[in-house]
Every structure is written in C-alpha cells, then in structure tokens.
Amino acid sequence: NAGVTQTPKFRILKIGQSMTLQCAQDMNHNYMYWYRQDPGMGLKLIYYSVGAGITDKGEVPNGYNVSRSTTEDFPLRLELAAPSQTSVYFCASSRMNTEAFFGQGTRLTVV
Amino acid sequence: AQSVTQLGSHVSVSEGALVLLRCNYSSSVPPYLFWYVQYPNQGLQLLLKYTTGATLVKGINGFEAEFKKSETSFHLTKPSAHMSDAAEYFCAVSVYSGGSNYKLTFGKGTLLTVNP
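K.L.:
Sorry, what's going on with the interface of chain B and chain A here?
P.N.:
It is common to report an interface's size as the accessible area lost on association of the parts. The interface of chain B with chain A comprises 22 residues on the first partner and 22 residues on the second. Both sides together, the interface formed by chain B and chain A hides about 1,900 Å², and carbon and sulfur atoms give 53% of it. It is Tyr102, Leu104 and Lys108 of chain B in chain B that bury the most area against chain A; as a group they hold 28% of the surface buried on that side. Scanning the region where chain B abuts chain A turns up 1 salt bridge. Where chain B packs against chain A, one counts 6 residue pairs in polar contact (both at pLDDT 80 or more). Residue assignment for the side of chain B that touches chain A shows that the elements contributing at least two residues are strand 4 (32–38), strand 5 (44–50), strand 9 (87–96) and strand 10 (102–106) of chain B.

Here it is as structure tokens:
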C-alpha cells in the first residue's frame, strides 16, 4: 500500500534555482493538495486540485506552480527559489469531502 | 470563510492524566471536522473525524472528540495520557466552497508533551 508518495525527502536549493517536488497517489483520489508547514504556523494550503486538468490557488500560492495532467500525479514547481520557501512540504489526497491522506513530506532548504 | 482555532500551542500533561486539546471553528455551513496527529519527522495521520450523525466520535489510540454545534467546538480528549501520545495535533475543517470544491483548512497545531 503505497498511498501518497513524495520525492525527494530532502533538498537544498540555492537562491534563484528551480525544482519540482513530485507527488503521486495510488488511491484514485480526485482531490490532491500541497501544503507547507512552518514551525508554529500549522499547515498552509498552497494549491489544490479537484481532478485532472483542474487546479486552484490556496492561501499561499505565490512563487509556486502546479499541474494535474493525470489523476495520480500532482507536481509542485518552485521557480526562482527564495529563502522564504524554506519549509516542509506535504502532499495529500482525498476523495471529495473526506479525510486526506498525507505523504511523508519534503524538507526544502533554500540558501 | 471557514477557519480553525486551536487554543494553546503547547499542552503539557503528566502520564495518566486527562488530555484535552481545544479546537474551535468558524463556518457558515455544517462542517466536516478532523483531528490529525503528527509524530516527529513524519506526515499527518488521521485520528478521528466527524461528518454526520453521532456527535461523539471515537478514534485511534483511545482518543475521542465531541462536535458541539452551539459552541462551534470539536475538542479532543483522552482519559489517560501515555508517553507515546507525545506529538503535535492538528484540528482541520472541510467546508463546501462552491461548485464541486471542498477546502481542507488546518489549525496551527498543539504540541502535546507527556511527562513521566
């Protein structure tokens, strides 16, 4: 049972570099989410998707982009990385209006 | 717009004592409510959920929560804390946001410390 798989687990980026955080789920969930977690701030929604080809902004979308070409995959793209994007990123998936299942997270440091 | 407020960013209890973690929500429509637990360096794991029906819901590891509409609360309790309960706990609300969309919003979390 793979569930939600995120890669990589850790990454160090230099300011101005770009990267893609990968997320895949094998539960045939229509909803997928990207959150960032900063100490004492809980989880903030970056982007979410209600199905293939449909994405929408969350609370903190600036500096990020997403795409959803398949039901299974929901990559998060960081363009021009900034120190403020140092965080732990979580991908999650769910059926409509049910509990979300989370990946193990990607710890990103921008230096 | 819906929001979730967790009262107390850090709660400390003794082993065997009652655990009470507070969560209040604001929503103009009946919400679905969730409690998640996060152990260090791990993702979030569902503890329990309220959708409809019985307002007292039981979850894993002996936790339970009661949905009180009049108080817009969904507090998490456990009668007797165990050392293994030490973790961060998040309350979350899912509310219909138009079309076929639902948004899952989290509180800022409460770190539970259990003292021997």
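K.L.:
In this structure, what is going on with the pattern of salt bridges? I would like to understand it.
P.N.:
Oppositely charged side chains can form a pair if their charged atoms are brought close together. Following the criterion strictly, the structure yields 5 salt bridges over all chains and no others. A salt bridge links Glu79 of chain A to Arg77 of chain A; the shortest N-O distance between them is 3.1 Å. Between Asp85 of chain B and Lys78 of chain B there is a salt bridge whose closest N-O contact spans 2.9 Å. Just as Asp85 of chain B is buried, Lys78 of chain B falls in that class too.

Analysis parameters
- Residues numbered from 1 in each chain as written.
- Chains lettered and ligands numbered in written order.
- Predicted model: local features only at pLDDT ≥ 70, side-chain atom pairs only at ≥ 80, totals over all residues.
- Heavy atoms only, no water.
- Contact = heavy atoms within 4.5 Å.
- Buried area = accessible area lost by both parts, 1.4 Å probe.
- Salt bridge = Lys/Arg side-chain N within 4 Å of Asp/Glu carboxyl O.
- Polar contact = N/O pair within 3.5 Å; in protein donor to acceptor, adjacent residues only side chain to side chain.
- Helix = DSSP H or I, 4+ residues; strand = E, 2+ residues; numbered from the N terminus.
- Buried < 20%, exposed > 50% of the residue type's maximum accessible area, 1.4 Å probe, protein only.

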